[in-house]
Amino acid sequence: MSRKKVGLYFGTFNPIHIGHLIIANHMAEHSDLNEVWLVVTPHNPFKKKDTLLDNHHRYEMVYRATEDYPKLRPSDIEFKLPQPNYTVNTLAHLYDRYPEIDFCLIMGEDNLKGFHKWKNYEAILAHHDIYVYPRISEGIIETQFDDHPKIHRVDAPIMEISSTFIRKAVSERKNVRPLLPENVWTYLDEMNFYRSK
């Protein structure tokens with residue numbers, strides 16, 4: 001019996017939209033990952049972010065977005081870790097809690113360009129595979145990552161929908177319903193999120 005492989009897709013998901021869902025589902029269906037966990041990153045207490053919804057609201061939207069997808073799961077694992085938190089610490093915590101699972105990172109090509117600046121990135125690469133999806137972005141990828149055996153490029157659809165665009169459109173009373181999973185739209189609408197006062 002081979003070990004279970006879980007991809008970790010980190011994000012503020014403020015709000016989660018169909019672009020996130022399409023990428024997470026593509027990774028779960030078109031790679032060797034058994035599941036994808038959407039890890040909601042907590043509000044950094046040292047940063048003032050007026051537009052960032054409370055952790056539990058963002059988790060609730062991810063929960064609603066993924067409940068009909070058996071291979072996708074919401075995760076609030078980082079809510080319980082000391083802040084500010086680093087991915088390397090989250091991975092260590094997950095390994096302690098689920099030693100039977102191989103955890104991998106899912107990231108956009110834009111994040112791979114800055115990966116060499118991450119805390120203990122060499123340790124992450126030594127113990128975890130990274131699955132990269134394409135993004136339209138500037139800059140170059142470090143040559144050390146070009147043919148790295150732990151870095152896997154997945155030919156996922158290029159999604160250029162942004163949560164920032166959605167928040168701005170909602171505040172301007174525009175209809176963004178097609179960009180959100182239906183039950184996320186309902187929650188956002190009922191709670192009156194992102195609307196300008």
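What this report covers is the structure whose coordinates are included nearby. All figures in this text were calculated on a predicted structure; none of them were measured in a lab.

Calculation notes
- Residues numbered from 1 in each chain as written.
- Predicted model: local features only at pLDDT ≥ 70, side-chain atom pairs only at ≥ 80, totals over all residues.
- Heavy atoms only, no water.
- Buried < 20%, exposed > 50% of the residue type's maximum accessible area, 1.4 Å probe, protein only.
- Helix = DSSP H or I, 4+ residues; strand = E, 2+ residues; numbered from the N terminus.
- Arc of directions from axis to C-beta.
- Axes fitted to C-alpha atoms, helices over the stretch in contact; angles between N-to-C directions.
- Parallel < 35°, antiparallel > 145°, perpendicular 65-115°, else oblique.
- Contact = heavy atoms within 4.5 Å.
- Nonpolar A, V, L, I, M, F, W, Y, C, P; charged D, E, K, R; others polar.
- Pairing = 2+ DSSP bridges.
- Phe/Tyr/Trp six-rings, centres within 6.5 Å; stacked < 30°, edge-to-face > 60°.
- Lys NZ or Arg CZ within 6 Å of the ring centre and 35° of its normal.

## With respect to helix H6 (residues 163-171)
Note that an α-helix has 3.6 residues per turn; residues three or four places apart therefore point the same way.
Piece 1. Those residues of H6 not exposed but buried are Ser163, Ile166, Arg167, Ala169 and Val170. Across the axial projection of H6, the buried residues extend over an arc of 165°, all falling on one side. Residues of H6 that are exposed and point over 90 degrees away from its buried face: Thr164, Phe165 and Lys168.
Piece 2. In the segment just after H6, arginine 173 is the residue with positive phi, at about 60°.

## A short note on the packing of helix H2 (residues 55-66) against helix H7 (residues 182-191)
Piece 1. It is the contact of H2 with H7, at a shortest axis distance of 8 Å, that shows an interaxial angle of 150°. One element, H2, and the other, H7, form an angle in the roughly antiparallel class. Contacts between H2 and H7 involve His57, Glu60, Met61, Arg64 and Ala65 on the former and, on the latter, Asn183, Val184, Tyr187, Leu188 and Met191.
Piece 2. Here the residues of the contact of H2 with H7 sort into 6 nonpolar, 2 polar and 2 charged.

## Structural notes on the sheet that holds strand E5 (residues 130-133)
Piece 1. With respect to topology, 6 strands assemble into an open sheet ordered E3-E2-E1-E4-E5-E6, the strand pairing being parallel. The sheet terminates laterally at strand E3 (72-75) and strand E6 (151-153), the two strands that pair on one side only. This sheet shows a mean twist of 30° between the axes of neighbouring strands, independent of strand direction.
Piece 2. Pairing between strand E4 (residues 101-108) and E5: 4 bridges, direction parallel. Pairing of glycine 108 across the sheet is with tyrosine 133, part of E5.
Piece 3. Along the sheet, H2 contacts strand E2 (35-40) and E3; its crossing angle with E3, the most-contacted strand, is approximately 170°.

## What to know about the packing of aromatic side chains
Piece 1. For the structure shown, the criterion picks out 12 aromatic pairs.
Piece 2. Seen in terms of ring centroids, tryptophan 37 and tyrosine 98 are 5.4 Å apart; in terms of plane orientation they differ by 75°. Their pairing is edge-to-face. Of this pair, tryptophan 37 sits in strand E2 while tyrosine 98 sits in the loop between helix H3 (87-97) and E4, and the two are 61 residues apart along the sequence.
Piece 3. Counting every residue linked through ring pairs, the aromatic cluster contains Phe115, Trp118, Tyr121 and Phe145.
Piece 4. When the ring centre of tyrosine 86 is taken as reference, the NZ or CZ atom of lysine 119 above it lies at 5.3 Å.

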